[in-house]
Amino acid sequence: MIKRHYNKSLVWLEKNRFVLLLLSTILTLVLPAFFGIGLLSEVIFVTTLSFLFIQSTVVAEVRKSRKIPIRIIVISMMVLIWLKPAGYDSIYIDLVKLSFIVAFFIFVVIFLMRFIAKSKTVDVNVLITSINIYLLAGIIGASLCLAFYRVYPDAYNFPSYIEHPVFAHFIYYSFITMSTVGYGDITPRIPETQTLAYLLSISGQLYVAIIIAFLIGKMLMQGDQKKSEKNIK
């Protein structure tokens, strides 16, 4: 009986893996903002990020040969991100951690893009995956911005109310830049971060334009196929 419930749980997780990935991404982006700045906020962020790592692994584990390497990488990342709340704060740990995060989420985004490209129909999973890609791209951008800030403390101008920038601030900056809103409260100061800023804005706009055109094209092809099938009948 236990085994039957376990198998049902696996089937449910497999069926809803893209929805759970979207949920975990939204929690990572939204939840830490409501707990201020400090240890509690850091713990909440690390917890939600760990959940995001796990769910990303569930989505990306499509081949048995990939399971062990991916799990080793995810476990390593989770150990690294929990070091700071545990009191081990180092620029070198941060840079290794951020490098892992960027590389891992790039891999996940590539997998999600391939999933959309191979899908024959535009269903709910495809639409949710399109949103997931954009949100994960924002997290990748925030990780790169934070990495530059850790190496170059004067890489950004911050408003007076931000005394100690944290990851949540760079997530905000990343999405504002990707969407080309540009409020101007956080601004890049050095050529490296200025270059990253316009690359983020270009990639954000190109992705939205390309994914909309791609999905509309697939939907039109679906309609043509259905019409052809009706005519044949």
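Residues numbered from 1 in each chain as written. Predicted model: local features only at pLDDT ≥ 70, side-chain atom pairs only at ≥ 80, totals over all residues. Heavy atoms only, no water.

**Student:** Is there a simple way to explain the overall build of the protein chain in this structure?
**Tutor:** When you go through the protein chain residue by residue, the secondary structure sums to eight helices and two strands. Along the chain direction, N to C, the helices and strands of the protein chain fall in the order α-α-α-α-α-α-β-α-β-α. Looking at the 233 residues of the protein chain, the share that counts as buried comes to 39%. Relative to all contacts within the protein chain whose residues are 6 or more apart in sequence, the contacts with residues 24 or more apart total 73%. (Helix = DSSP H or I, 4+ residues; strand = E, 2+ residues; numbered from the N terminus. Buried < 20%, exposed > 50% of the residue type's maximum accessible area, 1.4 Å probe, protein only. Contact = heavy atoms within 4.5 Å.)

**Student:** Explain the packing of aromatic side chains to me, please; I cannot follow it from the model alone.
**Tutor:** Describing an aromatic ring pair means giving the distance of the ring centres and the angle of the ring planes. Tallying each qualifying case throughout the model produces 13 aromatic pairs. An angle of 50° between the planes, with centres 6.3 Å apart, marks the rings of Tyr156 and Phe158 as tilted. Residue Tyr156 is classed as buried on the basis of its relative accessible area, which comes to 3%. Classification of Phe158 as partly exposed rests on a relative accessible area of 22%. (Phe/Tyr/Trp six-rings, centres within 6.5 Å; stacked < 30°, edge-to-face > 60°.)

**Student:** Would you mind showing me how to read helix α7 (residues 167-178) here?
**Tutor:** Since the α-helix advances by 3.6 residues per turn, residues separated by three or four positions end up pointing in the same direction. Relative to the 16 Å expected for twelve residues at 1.5 Å per residue, α7 spans 16 Å between its end C-alpha atoms, a close match to the ideal helical length. Of all twelve residues that make up α7, ten are buried, and the element is covered over most of its length. Of the positions making up α7, those classed as buried are Phe167, His169, Phe170, Ile171, Tyr173, Ser174, Phe175, Ile176, Thr177 and Met178. Downstream of α7 by one or two residues, Thr180 has phi in the positive range, about 60°. (Expected span 1.5 Å × (residues − 1).)

**Student:** Looking at this model, I keep getting lost on unusual backbone geometry. Mind explaining?
**Tutor:** Where the residue is not glycine, phi is negative for most of them; where a peptide bond is considered, it is trans in most cases. The phi angle at Thr180 is positive, at roughly 60°, despite the residue not being glycine. Locating Thr180 in the fold gives a position in the loop between α7 and β2 (187-188). Since its relative accessible area comes to 44%, Thr180 is described here as partly exposed.

**Student:** Help me understand helix α6 (residues 124-151), please; the structure alone is not making it clear to me.
**Tutor:** The end-to-end C-alpha distance of α6 is 41 Å, a good match for the 40 Å that 28 residues give at a rise of 1.5 Å each. Structurally, the start of α6 carries an N-cap: the backbone nitrogen of Asn125 is 3.3 Å from a side-chain oxygen of Asp123. (Polar contact = N/O pair within 3.5 Å; in protein donor to acceptor, adjacent residues only side chain to side chain.)

Structural measurements only, silent on function.
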